[in-house]
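Summary of structural features
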Amino acid sequence: MLHAGLLLLGTVAMAAAPADPSGPLPTPADVMRLHFIDVGQGAATLVELPCGAMLIDAGGEDGGEFHSNDRLAAYLAAFFARRTDLSNRLDVLLLTHPHIDHVRGALPTLEAYTVGAFVDNGQTPVQEDAALAMVAVRAWLDAHPTVPTLVVTTDDLPADGAPLRHPSLDPFGVCRGVDPAVGVLWGHAPHDPGWGEDDYNKARYDNENNHSVVTRIDFGAASVLITGDLEEVAIRDLVSSPAAAALDVDIYVVGHHGSHNGTTRDLLAAMTPAWAVLQMGPAARHGAWTAWQYGHPRQPTIALLAEEVSSPREPVTHLVGIGVKRFADTIIDDAIYATGWDGTVVIEADAAGIIRLGAPDVR
Ligand SMILES: [Zn+2]
């Protein structure tokens, strides 16, 4: 995992001057760029490849002056203005699970861009706003039958533990010498594996988080894992499943916005990540459905990440949740980045597995 080279790269990348926003950045030759778009409390990950692009989740926060759909739309517009070679086309739109902080911007994205394929876990959400958003998405898909759709369930996963492959998931062929590989390690569980009840006497099986589509992307020697909002019981089953062998990655997109229930020691031990990225809003923005309300990211998760993430970051002090609506200054000196701390985070990985920070298309 090239840890030796990352010490230097981590500090150099932090000190690098931002790219000139007036001019387009060069089209990456053999680089995968992961854009963790600042959508507040929520998730939207744009995967930029030399010959294509994929959006995993299109969610975010909406309250007061902050509107994640505007942020997402502005970011995608700037991205496609630079990557004119992609002709406003997202090859894949994947929704990990149907919660509003992951799907709010799905319909506007489908309406604004050419989408090559749609992937989700097939669930109809309970949350009213998410249900309305997903009804609109499915109506759009019904009206556009040329867009292929793929529903991922755990029954579809290969018995040998290899990631699930499908042309709708991975339409990317060899391009400039690299064949990106997109595979799935988890999805909707059709039957309750015996997950029991949570602290509020609700069946954990009924929590859409536990049915999140878990995606692994390999780009040459670089790899990333996105677990959506998968929680402890499902993570336990994932880590003890044959797919555990496919969990070893370089970059961990931290589950459930850094909640205490979205990351486990066993998962981290299976991944051995060099870098980690959290997607949440800033602690300073108060209100319903914010990172402040949830206390994200939570201190025990940051402590676990600090133990396991192997690359350094120039030390910084950020607010970490010690409970709901309660935060404490915490020194971060590992390669842990977060949209709630840093704004939009871009991580570049080349085919040799070298990882560094990149420049966002919108600051
Ligand atoms: Zn979420």
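Predicted model, so just to flag it, every value in this text is computed and none were measured.

Re the overall build of the protein
When helices and strands are counted, the protein shows 10 helices and 20 strands. Relative to the compact-globule value of 21 Å for 363 residues, the protein shows a C-alpha radius of gyration of 19 Å, a close match. Within the protein, buried positions represent 50% of all 363 residues. The long-range share in the protein, meaning contacts at least 24 apart out of those at least 6 apart in sequence, stands at 69%.

With respect to the sheet that holds strand S10 (residues 149-151)
Read across the open sheet, the 8 strands follow the order S10-S9-S7-S3-S2-S1-S19-S20; overall the sheet is mixed. Each edge of the open sheet carries a strand with a single partner, namely S10 and strand S20 (355-358). Direction aside, neighbouring strands of the sheet carry axes that sit 20° apart on average. Sheet topology places strand S9 (residues 118-120) next to S10; 3 bridges connect them, and they run parallel. Residue pairing for S10: Phe118 is matched across the bridge by Thr149.

Focus on helix H6 (residues 232-239)
For H6, the complete set of buried residues consists of Glu232, Ala234, Ile235 and Leu238. Viewed end-on, H6 has its buried residues packed into an arc of 160°, placing them on one side of the element. Here the buried face of H6 lies against strand S11 (181-186), strand S12 (214-219) and helix H7 (265-271).

Some points on helix H2 (residues 68-82)
The terminal C-alpha atoms of H2, which comprises 15 residues, lie 21 Å apart, in line with the 21 Å expected from a rise of 1.5 Å per residue. Turning to H2, its buried residues are Ser68, Arg71, Leu72, Tyr75, Leu76 and Phe79. Looking straight down H2, one finds that the buried residues subtend no more than 125° of arc, so they occupy a single side.

So, the environment of Pro282
With respect to the secondary-structure elements, Pro282 resides in the loop between strand S15 (275-278) and helix H8 (291-294). C-alpha of Pro282 to C-alpha of Trp341: the two residues are 59 residues apart in sequence and 6.4 Å apart in space. Apart from the residues lying within four places of it in its own chain, the contact partners of Pro282 are Ala291 and Gly340.

Comments concerning the sheet that holds S15
Strand order in the open sheet formed by 6 strands is S11-S12-S13-S14-S15-S18, with mixed pairing between adjacent strands. Of all the strands in the sheet, the pair left with one neighbour each is S11 and strand S18 (336-338). For this sheet the average axis-to-axis angle between neighbouring strands, irrespective of direction, equals 20°. Summarising the sheet, S12 and strand S13 (residues 222-226) pair through 5 bridges and their orientation is antiparallel. Each bridged residue has a counterpart across the sheet, and for Thr215 the counterpart in S13 is Ile226.

Details of the confidence of the model for the protein
It should be kept in mind that the predicted coordinates are not to be read in detail where pLDDT is low. In the predicted model, the protein carries a mean pLDDT of 92, and 92% of its residues have values of at least 70. Ignoring residues within four places in sequence, the model shows residues 1-25, a span with pLDDT below 50, making 33 contacts including any to other chains.

As for the pairing of S12
Of all 6 residues in S12, 6 are buried, a share of seventy percent or more. Because side chains alternate across S12, one face comprises the buried residues Val214, Arg216 and Asp218, and the other comprises Thr215, Ile217 and Phe219, equally buried. In this structure, S11 lies alongside S12, joined through 5 bridges in antiparallel fashion. Residue Val184 lies in a different strand from S12, and its bridge partner there is Thr215.

Overview of the environment of His260
Residue placement: His260 occurs in the loop between strand S14 (251-253) and H7. Judged by local crowding, His260 falls into the partly exposed class, with 19 C-beta atoms found within 10 Å. Sequence-wise, His260 and Ile302 are 42 residues apart; in three dimensions their C-alpha atoms are separated by 8.9 Å. With near-sequence residues (within four places) excluded, His260 lies in contact with Arg298, Pro300 and Thr301.

Digging into unusual backbone geometry
His296 connects to Pro297 through a cis peptide bond whose omega is -5°. You can see Pro297 is positioned in the loop between H8 and helix H9 (299-308). Unusually for a residue other than glycine, Asn201 sits at a positive phi of about 60°. Here Asn201 shows up in the loop between S11 and S12. Judged by local crowding, Asn201 falls into the exposed class, with 6 C-beta atoms found within 10 Å. Phi at Thr272 takes a positive value of approximately 45°, unusual for a residue other than glycine. With respect to the element layout, Thr272 can be found in the loop between H7 and S15. The partly exposed category is assigned to Thr272, around which 16 C-beta atoms lie within 10 Å.

Observations concerning the nonpolar core
In summary, soluble globular proteins display a tendency toward joint burial of nonpolar side chains. By size, the foremost hydrophobic cluster in this structure holds 100 residues, and its most contacted members are Ile251, Val277 and Ile347. Ignoring anything within four residues of it in the chain, the contact list for Ile251 reads Leu34, Val224, Pro273, Trp275, Val277, Ile347, Ala349 and Ile355.

About the thresholds
Residues numbered from 1 in each chain as written. Predicted model: local features only at pLDDT ≥ 70, side-chain atom pairs only at ≥ 80, totals over all residues. Helix = DSSP H or I, 4+ residues; strand = E, 2+ residues; numbered from the N terminus. Rg over C-alpha atoms; globule rule 2.2 N^0.38 Å. Buried ≥ 20, exposed ≤ 12 C-beta atoms within 10 Å, placed from the backbone. Contact = placed C-beta atoms within 7 Å. Pairing = 2+ DSSP bridges. Axes fitted to C-alpha atoms, helices over the stretch in contact; angles between N-to-C directions. Arc of directions from axis to C-beta. Expected span 1.5 Å × (residues − 1). pLDDT = per-residue confidence, 0-100. Core = buried A, V, L, I, M, F, W, Y, C linked by C-beta atoms within 7 Å.

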